[in-house]
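# A closer look at the structure
Residues per chain are reported as follows:
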Amino acid sequence: CAPIVAQRGNLVEDSRMAQIQVGQTTREQVQYVLGTPTTTGTVDGSTWYYIGRRTEQTAFLDPEVTAQRILRVRFDAGGTVQEMTEIDGNDAAYVAPVARVTPTVGHDLGFFEQLLGNLSKPARKKKKDDGKSR
Amino acid sequence: QEAFDGGIIREIRVEGSQRIEPTTVRSYLTVQVGDNFDPDKIDQSLKSLFATGLFADVSIRRDGGVMLIAVVENPIINRIAFEGNRRIKTEDIAPEVQLRPRTVYTRTRVQNDMERIQELYRRKGRFAARIEPKIVQLEQNRVDLIFEIEEGQMTGVQAINFVNNNVFDDSDLRDIMITKESRWWRFLSSNDNYDPERLRYDQEQIRRHYLRNGYADFKVLTAVAELTPDREDFFITITVDEGKRYRFGKIEIVSDIPDVDVEPLYSALTAYAGEWYNGDKIEESITALTNRLGDLQYAFVEIDPLLQRNQEDQTIDLVFELKESPRVFVERIDIIGNYSTLDKVIRREMLLVEGDPFSISKVRRSEQRVKDLGYFLQSGVEIKTAEGSSRDQSVITLEVEEQPTGEIQLGAGYSSTDGALLDFSIRQRNLMGTGQDLRLSTLLSSRSFEVDLGYTEPYFLDRDLAAGVDLFRVVRDNRDTISYDLESTGMVLRAGFPLSEKLRQRISYSLVHNKIDNIYFGSSRFLQDQMGSTITSSVESQLLYDDRDSRIEPTSGYYFLWSVEFAGVGGDTRYLRNRITGGQYWEPFEEVVLGLTTEAGYIWGMGKDLRINDRFFIGGDTLRGFEIGGIGPRNVPNINDTRYSDALGGTIFSRASLELTTKLGLPDELGVKAHAFYDAGTLTAAKEKPGEGDVFYDSAKIRMSAGVGVSWKSPFGPIRLDLAYPIAKEPYDQTETLKFSFGTRF
Amino acid sequence: CSGQKEELPYVERPVEQIYTEAANAIDNRNFTKAALLFDEVERQHPYSQWAVRAQLMSAYAHYQAVRYDDAITTLDRFIALHPGNRNAAYAFYLKALCNYERISDVRRDQSTTYEALQNLQEVVRRFPASPYARDARLKIDLTNDHLAGKDMEVGRFYLNTGEYMGAIKRFRRVVDEFQGTSHVPEALHRLVEAYLALGIREEAQVNAALLGHNYPGTVWYQYTYALMNRAERGERPSLFQRAIDWVL
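Counting of residues starts from 1 at the beginning of each chain's written sequence and follows it residue by residue. Written order decides the labels, with chains lettered from A and ligands numbered from 1. Side-chain atom pairs in this predicted model are given and counted only at pLDDT of 80 or more, local residue features only at pLDDT of at least 70, and totals for whole chains, interfaces and linings cover all residues. Side-chain measures here rest on the full set of heavy atoms in the structure, leaving out hydrogens and waters.

### Quick notes on the overall build of chain A
What counts as a helix is a DSSP run of H or I of at least four residues, what counts as a strand is a run of E of at least two, and both are numbered from the N terminus. Helices and strands together make up the secondary structure of chain A, namely 3 helices and 5 strands. N-terminal to C-terminal, the α/β element order of chain A is β-α-α-β-β-β-β-α. For every residue, the accessible area (1.4 Å probe, protein chains only) is compared with the maximum for its type, and the residue is labelled buried under 20%, exposed over 50%, or partly exposed between those bounds. Sorting the 134 residues of chain A into buried and exposed places 41% on the buried side. Each accessible area is a Shrake-Rupley estimate made with a 1.4 Å probe; only the visible protein chains count as cover when residues are assessed. Of the roughly 7,000 Å² of accessible surface on chain A, 54% is carried by carbon and sulfur atoms.

### Section: the overall build of chain C
Counting its regular elements, chain C contains 12 helices and 0 strands. Shown N-terminal to C-terminal, the secondary structure of chain C runs as helices and strands in the order α-α-α-α-α-α-α-α-α-α-α-α. Per-residue burial for chain C yields a buried fraction of 57% across its 248 residues.

### A closer look at the pattern of salt bridges
Salt bridges are identified by distance alone: a Lys or Arg side-chain nitrogen within 4 Å of an Asp or Glu carboxyl oxygen. For the structure shown, the criterion picks out 72 salt bridges over all chains. Between E163 of chain C and R8 of chain A there is a salt bridge whose closest N-O contact spans 3.1 Å. Taken together, the residues E163 of chain C in the loop between α7 (131-160) and α8 (164-177) and R8 of chain A in strand β1 (residues 4-9) connect one chain to another. Judged by its relative accessible area of 16%, E163 of chain C falls in the buried class. Judged by its relative accessible area of 11%, R8 of chain A is buried.

### Here's the deal with a nonpolar patch on the surface
What makes a patch is a set of residues exposed beyond 30% relative accessible area and free of salt bridges, joined within 9 Å when like-charged and within 5 Å when nonpolar (Val, Leu, Ile, Met, Phe, Trp, Tyr). Where nonpolar side chains cluster on the molecular surface, the patch consists of W586, L658, Y678, Y725 and I727 of chain B and spans about 530 Å² of accessible area. With respect to the helices and strands, the residue Y725 of chain B is situated in strand β34 (residues 717-728).

### Topic: the sheet that holds strand β11 (residues 301-310) of chain B
Residue and element names in this part refer to chain B. A pair of strands counts as paired when DSSP detects no fewer than two bridges linking them. A sheet is described by the order of its strands in space; here 3 strands give the open sequence β10-β12-β11, paired in mixed fashion. Each end of this open sheet is capped by a strand with a single partner; those strands are β10 (247-255) and β11. Neighbouring strand axes in the sheet, compared pairwise and without regard to direction, differ in orientation by 20° on average. Think of each axis as a best-fit line through the C-alpha atoms, taken over the contacting stretch in the case of a helix, with angles from 0 to 180 degrees between the N-to-C directions.

### Description of the interface of chain B and chain C
Accessible area lost upon the coming together of the parts is a frequently used measure of interface size. We call two residues contacting when some pair of their heavy atoms lies within 4.5 Å. If you look at the interface, chain B gives 44 residues, while chain C gives 35 residues. Accessible-area loss on putting two parts together, using a 1.4 Å probe and summing over both, is the definition of buried area adopted here. For the pair chain B and chain C, the summed buried area comes to about 3,400 Å², and 52% of that belongs to carbon and sulfur atoms. For chain B, the biggest contributors to the area lost against chain C are R19, R102 and E354 of chain B; these three give 21% of the whole. At the boundary of chain B with chain C, the tally comes to 5 salt bridges. Here R170 of chain C ties to E354 of chain B by a salt bridge, and the two come within 2.6 Å at their closest N and O atoms.

### Quick notes on the packing of helix α6 (residues 111-126) of chain C against α7 of chain C
Residues and elements named next belong to chain C. Orientation of α6 relative to α7, taken along the N-to-C sense of each, is 150°, at an axis distance of 9 Å. Taken together, the axes of α6 and α7 are roughly antiparallel relative to one another. When the axes of α6 and α7 are compared, the crossing they make is left-handed. For the pair α6 and α7, contact is made by T113, Y114, L117, L120, Q121, V123 and V124 and by Y132, A133, A136, R137, K139, I140, T143, N144, H146 and L147, respectively. Note on residue categories: nonpolar means Ala, Val, Leu, Ile, Met, Phe, Trp, Tyr, Cys or Pro, charged means Asp, Glu, Lys or Arg, and polar means any other residue, Gly included. In terms of residue class, the contact of α6 with α7 is made up of 10 nonpolar, 5 polar and 2 charged. Any angle from 65 to 115 degrees is called roughly perpendicular, while one under 35 is roughly parallel, one over 145 is roughly antiparallel, and all others are oblique. Helix crossings are classified by the rotation of the near helix relative to the far one: an anticlockwise turn of less than a right angle makes the crossing left-handed, while a clockwise turn makes it right-handed.

### Let's talk about the pairing of strand β18 (residues 436-445) of chain B
All names here are of chain B. Sheet topology note: the β18/strand β19 (residues 448-457) ladder contains 8 bridges and is antiparallel. Looking at the pairing, L443 lines up with E450 of β19. Counting the residues that bridge the hairpin from β18 to β19 gives 2 residues.

### Some details on the interface of chain C and chain A
With 62 residues of chain C in contact, the opposing surface of chain A contributes 47 residues. Carbon and sulfur atoms make up 52% of the area that chain C and chain A hide from each other, which totals about 4,600 Å². Here chain C is connected to chain A by 3 salt bridges. Across the pair R74 of chain A and E202 of chain C runs a salt bridge, and its minimum N-O distance is 2.5 Å. As used in this structure description, the phrase polar contact means that two N or O atoms lie within 3.5 Å; if the pair is within protein, one of them must be able to donate a hydrogen and the other to accept it, and residues adjacent in sequence are counted only when both atoms belong to side chains. Seen at the junction of chain C and chain A, the total is 12 residue pairs in polar contact (both at pLDDT 80 or more). At 9 residues, the largest contribution of residues to the side of chain C that touches chain A is made by helix α9 (residues 184-198) of chain C. Looking at the side of chain C that touches chain A residue by residue, the class counts come to 27 nonpolar, 13 polar and 22 charged.

Below, the structure written as structure tokens:
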């Protein structure tokens, strides 16, 4: 049975990576060659990350990562590439996301209201912001 | 009338306003007190005042330093009424009309509303409808607005004719079209009303039909609908230019994307040199190529088919040109319109994730997957893409329009095996918007009572794993066929998941309590000691490979189902039941479907003797011409009077059924189908010793039967009648030549 | 369904009589009837000075009768006809309330939330000094918090299904565009989770430090602290633990 293959994120090919020269390529050139970064440093905006992976998923099992490349590009004050390193994924840790959720307000559909109610933009019961209904 | 230019406006006075305060009028002006008189500014003010739609007339004069604005306010609508509308109820027209009581009456708004009502009638197929607005003046500048409607007749389609079509004759082309000629038996369908929208769609269907059969130059020259003098019907005449019939010449794939090896891609093509030209094949090949390249991780590919017509040898050369499309990534996927369905229930159907390379084919396939959920209107799923925060980022917006997913079905029917039956089911396919499916169905008939509660979570643990549970209770009194009553109550836990696109596996565990009692006193000793209740606890695995074009009415493709059930995980019954089913469908000629179904099964008691209700019973639907349990091992104390005999069920069976289904050329909407079938099957090997007074008969002879049947999807419900004549049978088999069933859904 | 609209018999009556009857209906909380009566005032006597007041009262009655769409259409007409009226501020505010009070939960369509946000911002922009502006500002914060909640919901979906890049983009959007909301601590923690899952240890540390520095007292920092230590010690949870996680 053929597993479902998918490409996630921005998997930078070798040919493109070769075009980036440390100390020469500018921020605009990197943007042009590699595209918009998948994400940037939360604090330090001049650190760009290009993250891409290829996954294979069979049936309902966890998708298996068959290829991955995480590229970190750092720019100096002048905006040229100061450092470009590839982060290997083998110190990836297994993380089970915490189940807790920050609470939010908002009207939830009652059981019968949803089962038989009409589905246009319903006028809803009046509820104060603190969530208690009138 | 003093000239406007020069001088300062010392005061702006508004005359003639009743309801609109002067301050409101001044707020729409582009000129203030203290500005100087400036003709274009005043002209602009005039325009903006008119644009508000509040005024029937506005004029601006100058009196020295004072700017005089004389307004005549548009009247206010007091009431709106509709007269003469019988076919379309007032409640249906009112929402279409923009004007409302207490709003301002303007000429243009009345015009638009008349047009909207006209459109409403056109959509209902009444092109002769005429609408007259009437005004009743009231005091205080108020009006009553009455729309007088003259509905006119239903405009049907008298005849559809084609001009210079010699490849396909008129009736072939008419079959392709949805618009039909008005005939008495089409009283239920509205397809025989004239609708220009539908006619345009029909022209496209005809064009594709020709393109599928090699007529690459085909064109619809004109499609004219003339109204008959009495304005009741339309004559539709379609003139076509068929052009020559082409074959595929050379087919090539050319790529200007670096390091793409073209050779293996040829296998994805569905168009072959020498074959008749076929427009659909080109589309299919492009999708196949895109998917193949997508799998090889070339996400950014555009494929243009270049056609080269050579008139002399009437062939078309085809070049698939692979070009690199711009690298664009998905910045964000926004889902709107889901007032009840949860965001993740829709998002998990998307083949794209935020941050992925953008691909049109994945967007289209995702749209189809969301549509297949069945929670939204057929036209209620629409994906729009727009540029994101930078040139290489795109934002995908998926807008859905929900439809009620709760279904309440009430059915009544009659079948010769079960007698009169009544069934009621309530189902919610999108429970609380979570995508879960909750179904409660009950069946009451003269011979049985069934109740079944089913619940399914299609994405258990957010994975592509459909998990569910069924609770059921069946009370069956089948004394005059298999001579015992069965009461079974049970639970099934099931999980289904895809192994590949067409192969799906289902694993289930079931725990069932069966009780057999009031066995007919004259029946065999063997049957007598089946009395009492047992617990069956079993696990089952099913592998289904389904390549049919449709599960409800397949016309091509095949399916293969293999199920293995082991009972004995606790409980007091033990057996291993193996069952293999296969089906293949063809369409030998137009509108004739041939279906071959074969099935074989074997149950092994693994040392313990088999309970009667776990055995196989063949007959009824599985072998037409014979009653349920009509063939197979039987206890027949008196061979000349087989009425007092009991079926004992068998441990090994095999059957086959060849069925031909055709519409007898009748139009689709009638829903009448004729069937001719040939069934064959055998059931044998019950090794039990007969008790005293029992006389067991068992033979592995192949029973055969042939018959005809007719089924009609009537507006009241499906009706089916089967007449089957057993050709080869054992003297003691119980036959059943006529089977009739009728059900309704409302 | 919301039931049929009550139809009043069309009887021409002097404006004071209809107005007082409508006002009484408001007092004994029969809001649907009140709304219809105020509409009658405006229909029969559009030019009396009562009509302007009646329009606003009709919108208020619709609002109290939880018929938000009718209230909004009436308010829009009031604003178009009497933009300069001294009660215009209340009209804008009431319109904002109509949308604000039917914001659906974060897992469903949020177009009402965006509309509410725009209405509230318009109240603050047009009438900064009015008493309604203060309450509007409070509600703007709550609406933004709700929009951040929507991004968190989508982010968590991607995180749970192993789509770490999609998750990072959504959580960064919360941290960057919804600073003041209650979801930022959780967003930072989720970023730590995602970066660790990808093996970008350094960025995980940056986010952990940011969370520790700005929100030390929150439960999210405790989760992050524990997660960073476990990852630090390179400790991989046992297969058994993974199986349990997988099943639950």
